[in-house]
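Coordinates in review
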Amino acid sequence: MAKTLLALYNLAPMGLEPLERHFNVVKLWQEDDPEATIMRHREDAVAIVSWPSNLRVSRKIIEALPNLEIIAQFGVGYDNIDVQAAKERGVVVCNTPDLVTNDTADTALGLMLNVSRRFVEADAYVRVGKWATHGSHNFLSHRLGGKTVGIVGLGRIGQAIARRAEAFGCNIHYTARSKKDVPYTYESDLKKLAEESDFLVLSCSATPETKGMVTLDILKALGPHGYLINVARGSIVNEDDLLIALANKAIAGAGLDVFAEEPHVPDALKTMDNVVLLPHIGTATYETRTEMGQLVVANILGWFEHGETLTRVV
Ligand code: NAP
C-alpha cells in the first residue's frame, strides 16, 4: 500500500519535493472536490499537511481516515484543525511556532503605521496622478510615537509587538489569560484595555473563548481616535460589528491581515479609506516560509523515521 500524504498547501517557496520522495502526495488544492478526493484515499492516507485554508481538518475527516498518524500544520495557529478529535484518535498534531514570531510582529507594526499615517491612501493618490492634477494633499494623519498600545494576547507574537512598539516610544498595556512578569500594564478586562488604548492589537490564539470577543461594545470603548489591528485570526472579531464601527466612525480605522471568512472580505470594507487590508501575509517572507516548510517536513519525516516530532501540539 502506497503511503499517501494529503497536502492542503504546496509549502511554497520550498515545495513538496522533500515529501514526494517518501509519499504519494495528493495536492488537494488542485482538486474540484477535495473532500471526495480525501475519501478516495481514506485507507492509504497516513499524513496531512494543513494550513489555515477554507478546508478545515474536521472531526469528520479525521475519523474517516483509519490509518492517519500525523497532521502537520504550516503555521503556529491551528484553529483549522479539530485537535480534540485528533487527540481522541491518537493522531499527532504539530505546528510551526517561534520562527513565525518576528515577521508577524513586523506585520502588526506595518499595519499600525500604514493605517494611522495613511500611507496606502497617499500611495494611491500619487499612482492615479492626483498629486499632479489636484495638487498637494496634506494627508494629515496620526503619529504612532508616544501612543498607548493595548495588546490582546502577550504570547510570543504579542511580546515581539510590544518590543517593537516600545522602540517607537509607545506605552504598552496588555491582556492575556494570566498576568506576565513584564514591565507593561496588565488589564484583565478587555473593555478597559480598549478604553486605555490608541491601538488595540490582536495577537491572541483563536479559541472558543476568544471567538467574537471584539464586539461593538469593545470597539466603542476603543473610541473614535482608536485603531484596531488584527494579525491573529478573523474569528476573534465580530466582523459585522466592525463594519458598523468603521462606517459610523466609532473607531478611527483598522489594519487587518486576517478575516472571518478568508479569502472572502466584505465588499463594504473594500470601499473604506480608513482601513488597510492584507491577504493573511503575516509570515509571508521567503525566509520564514522556507523555515516553516523545513519544519513541517522535519516533523513528518521525524515521526515516520523515529516516532519523534520537533513541535508537537498533541
Ligand atoms: P502564543 O505564544 O501561544 O500566544 C497566545 C496568546 O494568546 C497568549 O498570551 C495567551 O494568553 C493569549 N490568549 C489565549 N486566550 C486568551 C483569551 N481568552 N484572552 C486573552 N488572551 C488570550 O501564540 P503566538 O505564537 O504568539 O501566536 C498567536 C496567534 O497569532 C496564533 O494562534 C495565530 O492564530 C496567530 N498568527 C497569525 C499569523 C498571520 O499570518 N497573521 C501568523 C502567526 C500567528 P496566556 O499566555 O495567558 O495563556
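Above this text sits the structure in question.
What counts and how
- Residues numbered from 1 in each chain as written.
- Predicted model: local features only at pLDDT ≥ 70, side-chain atom pairs only at ≥ 80, totals over all residues.
- Heavy atoms only, no water.
- Salt bridge = Lys/Arg side-chain N within 4 Å of Asp/Glu carboxyl O.
- Helix = DSSP H or I, 4+ residues; strand = E, 2+ residues; numbered from the N terminus.
- Buried < 20%, exposed > 50% of the residue type's maximum accessible area, 1.4 Å probe, protein only.
- Expected span 1.5 Å × (residues − 1).
- Contact = heavy atoms within 4.5 Å.
- Pairing = 2+ DSSP bridges.
- Axes fitted to C-alpha atoms, helices over the stretch in contact; angles between N-to-C directions.

Before going further, it helps to spend a moment on the pattern of salt bridges. Enumeration according to the criterion identifies 12 salt bridges in this entry. Ionic pairing is found between Asp 82 and Arg 59, a salt bridge with its closest N-O pair at 4.0 Å. Placement of Asp 82 in the loop between strand S4 (70–73) and helix H4 (83–89) and of Arg 59 in helix H3 (residues 59–64) is noted, with a sequence separation of 23 residues between them. Measuring nitrogen to oxygen at the nearest pair gives 2.7 Å for the salt bridge that ties Asp 106 to Arg 164. Placement of Asp 106 in helix H5 (residues 101–117) and of Arg 164 in helix H8 (residues 156–167) is noted, with a sequence separation of 58 residues between them. Taking the relative accessible area as the measure of exposure, Asp 106 reaches 39% and is therefore partly exposed.

Bringing helix H13 (residues 286–306) into the picture now. For an α-helix, 3.6 residues make a turn, and residues three or four places apart therefore share a direction. Counted at 1.5 Å a residue, the expected span for H13 with its 21 residues is 30 Å, and the 29 Å between its end C-alpha atoms agrees. Regarding H13, the residues found buried are Thr 288, Arg 289, Met 292, Gly 293, Leu 295, Val 296, Val 297, Asn 299, Ile 300, Leu 301, Gly 302 and Trp 303. Looking at the buried positions of H13, the neighbouring elements they touch are strand S1 (4–7), helix H1 (17–20), strand S3 (45–50), S4, strand S5 (92–94) and H5. Trailing H13 by a residue or two, Gly 307 shows a phi angle of about 70 degrees, which is positive.

What follows covers the sheet that holds strand S7 (residues 171–175). Ordered by their spatial adjacency, seven strands build an open sheet running S8-S7-S6-S9-S10-S11-S12, and the pairing between neighbours is parallel. A strand with exactly one partner marks an edge of an open sheet, and here the two such strands are strand S8 (185–186) and strand S12 (275–277). The pairing of strand S9 (residues 199–202) with strand S10 (residues 227–230) spans four bridges and is parallel. Residue pairing for S10: Leu 202 is matched across the bridge by Asn 230. Here H5 sits on the sheet in contact with strand S6 (148–152), S9, S10, strand S11 (253–256) and S12, set at roughly 150 degrees to S10. Against the sheet, helix H11 (residues 239–247) makes contact with S10, S11 and S12, and its axis sits at roughly 140 degrees relative to S11, the strand it touches most.

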